[in-house]
Amino acid sequence: MKKALLAVLAIVVLIGFVLFNKDISSKKAQPDMAGVVSKEVVNMSDNDPRFDVWGKNFPEYVDMYSAVENEAPFETEFGGNHAYSKLIRYPQLTVLWAGYPFSMDANEERGHFWIQVDQMDTARNNKDFLNSHGFAGFGGQPAACMNCHSGWTKWLENNAALGDTPREKWVSFNSAKYWTMIKNVPALEGIAENSPEHSGPHGGKRMGVACADCHVPNTMELRVTRTALINALTKWRGYEADPVTGVKATRSEMRTLVCAQCHVEYYFRPTGEKVKTIGETIANDTSKKWWNGTQKTYDEFDSWRDGNKATEIEVAGIELVFPWKQWGKNEPFRIEMFDEYYDENSTRSIFPQDWAHKITKAPMLKIQHPETELYSSSVHAANGVSCADCHMPYVRKGSSKMTNHNVTSPLKDINAACKSCHTQSEEYLKAQITDIQRSIAFDLRSVEYATVSLINDIKNMRDRLATLPEFQKDGKADDKKISAVLKEVLELHRKGQMRGDFIGAENSTGFHSPREASRMLLQALEMARMGQTKLAEIALQYGFNDFKTSNLGFEDIQKLNPGDIRYKVDLNDARQSTGKNHKAGDRYYEHHNINDGPDAKLLELDKNNKPYNYKVLD
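Please read these numbers as outputs of a predicted model, since none were measured by experiment.

Undergrad: If you had to explain the overall build of the protein chain to someone new, which residues and values would you point to?
TA: The number of helices and strands found in the protein chain is 26 helices and 14 strands. Taken against the 2.2 N^0.38 rule, which gives 25 Å for 618 residues, the C-alpha radius of gyration of the protein chain at 26 Å falls within 12% of a compact globule. Reported as C-alpha extents along the three principal axes, the dimensions of the protein chain are approximately 115 × 65 × 45 Å. Burial analysis of the protein chain (618 residues in total) assigns 52% to the buried set. Taking as baseline every contact in the protein chain between residues at least 6 positions apart, the subset at least 24 positions apart corresponds to 70%. Across the protein chain, the 77 positively charged side chains and the 82 negatively charged ones have centroids separated by 1 Å.

Structure, rendered in structure tokens:
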């Protein structure tokens with residue numbers, strides 16, 4: 001009898017252990033939701049990706065995520081979430097990006113909650129404004145830009161884009177106009193069609209990143225949802241597709257891959273074919289004109305109005321592509337991989353450039369936000385540290401330990417972000433970060449100033465060559481012939497500026513991989529100076545014996561400061577929140593803390609950083 005009781009007891013203990021172990025395993029499979037139990041108020045679904053809805057099950061998380069909505073903007077030396085104008089702080093960008101809309105409007109990023117709001121407000125997404133400010137060729141952003149900004153992206157790709165296959169829907173989504181696609185965000189329960197709530201950031205058309213972008217409904221397992229990343233990982237980087245999580249990857253990998261959906265370099269690759277996508281009937285309404293008097297083909301507004309409706313159209317297809325062909329799995333990224341990819345005939349023959357530089361005529365590439373690429377070569381990456389470990393560190397909420405979903409700079413909470421691994425004091429760690437970023441900033445400013453100097457010298461040479469009969473056609477400068485003579489210099493401009501732009505666009509000021517950032521910037525500086533040397537050789541070849549190269553510094557660069565953005569002409573800019581008529585001279589942004597200048601101490605830092613004033617900085 002005693003043996004039977006012991007046997008029963010052993011079985012009960014074993015069952016209890018199995019159940020306990022299963023519970024632990026379940027939590028380990030979902031460590032980013034560890035310690036928090038779903039309240040099971042709603043059934044989460046991809047049919048309704050609104051974070052306010054999913055957040056009913058996890059209110060602590062949605063509170064953290066949306067906290068930035070009411071937080072006062074803050075600045076770090078090279079970041080923060082105050083959306084000041086980068087063009088005011090770094091006026092050299094107006095020359096580096098000449099002829100590209102970024103030279104008109106580029107603000108400091110202010111967080112995931114705001115990314116769709118800011119994308120819809122930016123002048124870079126405003127056809128009338130850009131056309132009236134010298135960008136006559138701008139025809140409107142494609143919906144491809146929504147891939148990194150909208151929590152509705154996958155819903156729209158699956159439900160609003162046209163096509164019978166996932167591939168057709170993917171290309172159709174990317175190829176539509178941004179303002180056409182955003183009109184198709186549904187008004188779900190509790191939201192009236194085209195109401196302020198339907199246009200807003202809480203589940204409406206201005207909703208940024210949402211829970212569904214990174215989590216499987218209900219289980220909350222990490223996943224990747226963005227088609228461009230899945231394509232790049234499975235086609236080029238050795239990952240296997242997975243119907244639930246996007247790709248098969250370890251938990252540690254997933255804590256970085258969810259960020260790699262957007263924090264990457266990308267381009268819009270032409271498919272070389274016509275595709276069916278959503279258009280607007282406004283194209284047939286001859287009473288609707290753009291500022292320049294041409295027929296409107298879409299309404300730059302987020303809702304259907306005035307009888308405008310969706311229709312089917314045919315356009316040249318594009319798809320969002322990450323240029324990772326040369327980047328193998330478990331390898332550090334190198335900038336030379338982009339050189340090879342963008343110079344391959346299969347790429348350059350159909351995608352020669354993002355834009356032609358307005359001053360030099362060089363075929364330029366605009367790098368976006370390549371945090372994933374740069375981080376891959378870092379000490380942290382080599383030791384298995386993920387993006388979430390630093391930018392979403394564990395915090396305590398009562399008795400629960402959870403990842404902080406107020407995704408922000410580790411400098412905001414060094415204790416949580418850094419000291420789980422590092423034993424040094426917060427002061428020491430902050431000093432180390434500051435030293436690294438100031439050092440890389442010095443290198444970056446050196447590259448930018450040298451590249452602007454090269455641009456000035458190329459302009460000088462173009463003007464001089466244009467005076468020679470052999471470089472004229474019908475009494476005008478033959479830009480094609482001049483560019484042929486300057487081909488090697490223009491390639492140095494393209495590749496050198498790409499390297500500087502890589503570190504400038506990357507959001508850590510080099511901290512994610514300081515040695516690789518320095519290597520890249522040293523190459524860029526060498527390319528700028530080599531370009532100037534070759535210009536001097538060309539000057540001698542054509543008898544310009546008085547040709548001198550430039551060497552611009554901080555004070556020269558400050559003369560390029562454009563100030564905040566203002567209207568040059570009267571525009572009825574209904575896409576703005578007030579929907580009012582704007583007069584020439586009016587400020588473009590209606591909120592005072594967007595597109596304003598940075599704190600004066602940041603400009604003082606830049607002044608002392610290049611050239612390096614150790615008496616102040618040390």
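Here the narrative resumes, following the displayed structure.
Undergrad: Residue-level account of the pairing of strand β9 (residues 394-397), with values.
TA: Pairing geometry for β9 and strand β10 (residues 400-403), over four bridges, is antiparallel. Residue pairing for β10: K397 is matched across the bridge by S400.

Undergrad: Describe the packing of aromatic side chains, naming the residues involved and giving the relevant values.
TA: A complete count under the given rule lists 31 aromatic pairs for this structure. On the numbers, 6.3 Å between centres and 85° between planes, the contact of F58 with Y61 is edge-to-face. Look at F58 and you get buried, because its relative accessible area is 5%. Ring centres of F129 and Y588 lie 4.7 Å apart, and the angle between their planes is 55°; this geometry places the pair in the tilted category. With a gap of 459 residues between them, F129 in helix α7 (residues 127-131) and Y588 in the loop between β14 (581-582) and α25 (600-609) connect regions that are remote in the sequence. Classification of F129 as buried rests on a relative accessible area of 0%. The rings of W236, Y267, F322, W324, W327, F333, F338, Y341, Y342, F351 and F502 are connected pair by pair, giving a single aromatic cluster. A cation over an aromatic ring shows up here: K183 above the ring of W304, its NZ or CZ 5.7 Å from the ring centre. Over the aromatic face of W327 sits the side chain of R237, whose NZ or CZ is 3.6 Å from the ring centroid.

Undergrad: Can you tell me about the packing of helix α20 (residues 426-465) against helix α23 (residues 514-541), naming the residues and giving the values?
TA: The geometry of α20 relative to α23 is characterised by a closest axis approach of 9 Å and an angle of 20° between their N-to-C directions. One way to sum up the angle between α20 and α23 is to call them roughly parallel. Our pair here, α20 against α23, has a crossing hand that is left-handed. In terms of residue class, the contact of α20 with α23 is made up of 17 nonpolar, six polar and three charged.

Undergrad: Can you lay out the nonpolar core for me, pointing to particular residues and giving the numbers?
TA: The biggest cluster of nonpolar side chains holds 77 residues, and the ones touching the most others in it are L156, M181, F322, W324, F338, F502 and I503. Not counting residues up to four positions away in its chain, the partners in contact with L156 are M146, A161, F173, M181, N184 and V185. Within the second largest apolar cluster, 37 residues are counted, among which are F78, W97, Y449 and F471.

Undergrad: Would you mind going over the state of the cysteines in detail, with residue names and values included?
TA: Using the criterion set out here, one finds zero disulfides in the structure. With no disulfide partner, C259 has as its closest neighbouring cysteine sulfur the one in C387, 4.2 Å distant. Residue C262 stays outside any disulfide, its sulfur separated by 3.3 Å from that of C148, the closest cysteine. A residue is classified by how much of its surface remains accessible, and C262, at 17% relative accessible area, is buried.

Undergrad: Let's hear about the pattern of salt bridges: which residues, and what values?
TA: Taken as a whole, this structure holds 34 salt bridges when the rule is applied. Two residues, K412 and E71, come together in a salt bridge whose shortest N-O distance is 4.0 Å. A residue pair is termed long-range when its members are at least 10 positions apart, and K412 in the loop between β10 and α19 (414-417) and E71 in the loop between α3 (59-66) and β1 (75-76) qualify at 341 residues. Given the relative accessible area of 28%, E71 is considered partly exposed. A salt bridge links R519 to E516; the shortest N-O distance between them is 2.8 Å. Of this pair, R519 and E516 both sit in helix α23, separated by three residues, roughly a single helical turn.

Undergrad: So, unusual backbone geometry: which residues are in play, and what are the values?
TA: With an omega of 5°, the peptide bond running from K610 to P611 counts as cis. Among the secondary structure elements, P611 is positioned in the loop between α25 and α26 (614-617). Residue N218 is not a glycine yet carries a positive backbone phi of 75°. As for its placement among the helices and strands, N218 is situated in the loop between α11 (196-199) and α12 (227-236).

Undergrad: Outline the side chain of R50, listing residues and values.
TA: Mapped onto the elements, R50 comes out in the loop between α1 (2-29) and α2 (51-54). Sequence-distant contacts of R50, that is, excluding residues within four places in its chain, are made with W152, L188, E189, I191, G203 and M207.

Undergrad: Which residues make up the environment of A600, and what values do they have?
TA: Structurally, A600 can be placed in helix α25. We classify A600 as exposed; its relative accessible area is 58%. Linking A600 and R89, residues 511 residues apart in sequence, is a C-alpha distance of 9.5 Å.

Undergrad: Account for the confidence of the model for the protein chain, with residues named and values stated.
TA: Parts of the model with low pLDDT should not have their predicted coordinates read in detail. Chain-level statistics for the protein chain give a pLDDT mean of 92 and a share of 93% at 70 or above. Low pLDDT (under 50) marks residues 15-31, which in the prediction has four contacts with non-local residues, meaning those over four places away or in another chain.

Undergrad: Mind laying out the packing of helix α14 (residues 335-343) against helix α22 (residues 487-505), listing which residues take part and the relevant values?
TA: Where α14 contacts α22, the axes come no closer than 11 Å and their chain directions differ by 130°. Considering their axes alone, α14 and α22 lie oblique with respect to each other. The handedness of the crossing between α14 and α22 is right-handed. Contact with α14, carried on its side by I335, E336, F338, D339, Y342 and D343, involves R494, K495, M498, R499 and F502 of α22 and no other residues of that element. Its residues assigned to classes, the contact of α14 with α22 shows five nonpolar, no polar and six charged.

So, how was this worked out
Residues numbered from 1 in each chain as written. Predicted model: local features only at pLDDT ≥ 70, side-chain atom pairs only at ≥ 80, totals over all residues. Heavy atoms only, no water. Helix = DSSP H or I, 4+ residues; strand = E, 2+ residues; numbered from the N terminus. Rg over C-alpha atoms; globule rule 2.2 N^0.38 Å. Buried < 20%, exposed > 50% of the residue type's maximum accessible area, 1.4 Å probe, protein only. Contact = heavy atoms within 4.5 Å. Lys, Arg positive; Asp, Glu negative; His and termini not counted. Charge placed at Lys NZ, Arg CZ, Asp CG, Glu CD. Pairing = 2+ DSSP bridges. Phe/Tyr/Trp six-rings, centres within 6.5 Å; stacked < 30°, edge-to-face > 60°. Lys NZ or Arg CZ within 6 Å of the ring centre and 35° of its normal. Axes fitted to C-alpha atoms, helices over the stretch in contact; angles between N-to-C directions. Parallel < 35°, antiparallel > 145°, perpendicular 65-115°, else oblique. Left-handed = near helix turned anticlockwise from the far one by under 90°. Nonpolar A, V, L, I, M, F, W, Y, C, P; charged D, E, K, R; others polar. Core = buried A, V, L, I, M, F, W, Y, C linked by side-chain atoms within 4.5 Å. Disulfide = S-S within 2.5 Å. Salt bridge = Lys/Arg side-chain N within 4 Å of Asp/Glu carboxyl O. pLDDT = per-residue confidence, 0-100.

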